[in-house]
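Okay, here's what each chain looks like letter by letter:
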Amino acid sequence: MKNKSGIPEKLQPCGVDYAFKRIGGKYKARILWHLGSKKVLRYGELSRTLPDITTKMLTQTLRELEDDKLINRKMYHEVPPKVEYSLSHTGEELIPFIKHLHNWGNKQLKNEGFSCED
């Protein structure tokens, strides 16, 4: 069956699919969460915040978040070069949802006998 624009319904984008393509994966939501908490972080600070991420993966993930307009990248032309990352307005809109996931995860961990530190 086709919609008004002639696109088969099976091929129409779904909001959940769209959202998870933008924030899915192991690192994207975590990066957004940390930027939401700290407001501005440099590359090295993000790297220390996520010790399980490789340099290549951090760079790739930051580029994808920037391409999706979820984060802002500000480069200072100085020696040594300085780059800062912050949430865009669109990225800030995601924080309440990520916070809800954070609270849900902590509740589940507590139910399983783990203590959570924020």
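Quick note: structure is the one above.
Below or above, wherever it landed, is the structure these notes cover. (Residues numbered from 1 in each chain as written. Predicted model: local features only at pLDDT ≥ 70, side-chain atom pairs only at ≥ 80, totals over all residues. Heavy atoms only, no water.)

**Description of the overall build of the chain**
On a plain count of helices and strands, the chain comes out with 5 helices and 3 strands. Going from the N terminus to the C terminus, the chain shows its helices and strands as α-α-β-α-α-β-β-α. Within the chain, the proportion of its 118 residues that are buried is 23%. (Helix = DSSP H or I, 4+ residues; strand = E, 2+ residues; numbered from the N terminus. Buried < 20%, exposed > 50% of the residue type's maximum accessible area, 1.4 Å probe, protein only.)

**A word on the sheet that holds strand S2 (residues 71–76)**
Taken in spatial order, the 3 strands of this open sheet run S1-S3-S2, and their pairing is antiparallel. Two strands in the sheet have a free side with no partner beyond their single neighbour: strand S1 (40–42) and S2. Averaged over all pairs of adjacent strands, the angle between their axes in this sheet comes to 30°, without regard to strand direction. As defined by bridge partners, S1 adjoins strand S3 (residues 82–87) across 3 bridges and the pair is classed as antiparallel. Pairing of Val40 across the sheet is with Ser86, part of S3. Set on the sheet, helix H2 (residues 28–38) makes contact with S1, S2 and S3; between it and S3 the angle comes to about 95°. (Pairing = 2+ DSSP bridges. Axes fitted to C-alpha atoms, helices over the stretch in contact; angles between N-to-C directions. Contact = heavy atoms within 4.5 Å.)

**With respect to the pairing of S2**
Two elements, S2 and S3, share 6 bridges in a ladder whose sense is antiparallel. When the bridges of S3 are listed, Tyr76 appears paired with Lys82.

**Some remarks on the pattern of salt bridges**
This model, assessed by the stated rule, comprises 5 salt bridges. Between Glu64 and Lys28 there is a salt bridge, and its shortest N-O distance comes to 3.0 Å. Of this pair, Glu64 sits in helix H4 (residues 55–67) while Lys28 sits in helix H2, placing them 36 residues apart in sequence. Assessed through its relative accessible area of 8%, Lys28 is described here as buried. Here Asp52 and Arg30 are joined by a salt bridge, their closest N and O atoms 3.0 Å apart. Of the two residues, Asp52 sits in the loop between helix H3 (43–49) and H4 while Arg30 sits in helix H2, which places them 22 residues apart along the sequence. Residues participating in the shared-partner salt-bridge network are Lys26, Arg30 and Asp52. (Salt bridge = Lys/Arg side-chain N within 4 Å of Asp/Glu carboxyl O.)

**Some remarks on the nonpolar core**
Note that soluble globular proteins tend to have their nonpolar side chains buried in a common cluster. Within the largest apolar cluster, 19 residues are counted, with the highest numbers of intra-cluster contacts made by Ile31, Leu32, Leu35, Leu46, Leu62, Ile71 and Tyr85. Looking at this core, the elements with two or more residues in it are H2, H4, S3 and helix H5 (89–111). Residue contacts for Ile71: discarding those within four places in its chain leaves Leu32, Leu35, Leu62, Leu65, Glu66, Tyr85, Ser86, Leu87 and Ser88. (Core = buried A, V, L, I, M, F, W, Y, C linked by side-chain atoms within 4.5 Å.)

**Some remarks on the layout of surface pockets**
Looking at the largest pocket, its volume works out to about 190 Å³. Taken together, 13 residues line the largest pocket, and the ones lying closest to its centre are Ile23, Ala29, Arg30, Ile98 and Leu101. Elements with a minimum of two residues in the lining of the largest pocket: helix H1 (15–23), H2 and H5. Sorting elements by how many residues they give to the lining of the largest pocket places H2 first, with 4 residues. Tallied by class, the residues present in the lining of the largest pocket amount to 7 nonpolar, 3 polar and 3 charged. Each pocket or cavity is described by its volume, and for the second largest pocket that value is around 160 Å³. Going through the elements one at a time, H1 and H5 are the ones with two or more residues in the lining of the second largest pocket. A breakdown of the residues in the lining of the second largest pocket according to their chemical character gives 6 nonpolar, 1 polar and 3 charged. (1 Å grid on protein atoms, 1.4 Å probe; cavity = no way out; pocket = protein on both sides within 12 Å on 5 of 7 lines; lining within 4 Å. Points joined across faces, edges and corners; volume = space filled by probe spheres on them. Nonpolar A, V, L, I, M, F, W, Y, C, P; charged D, E, K, R; others polar.)

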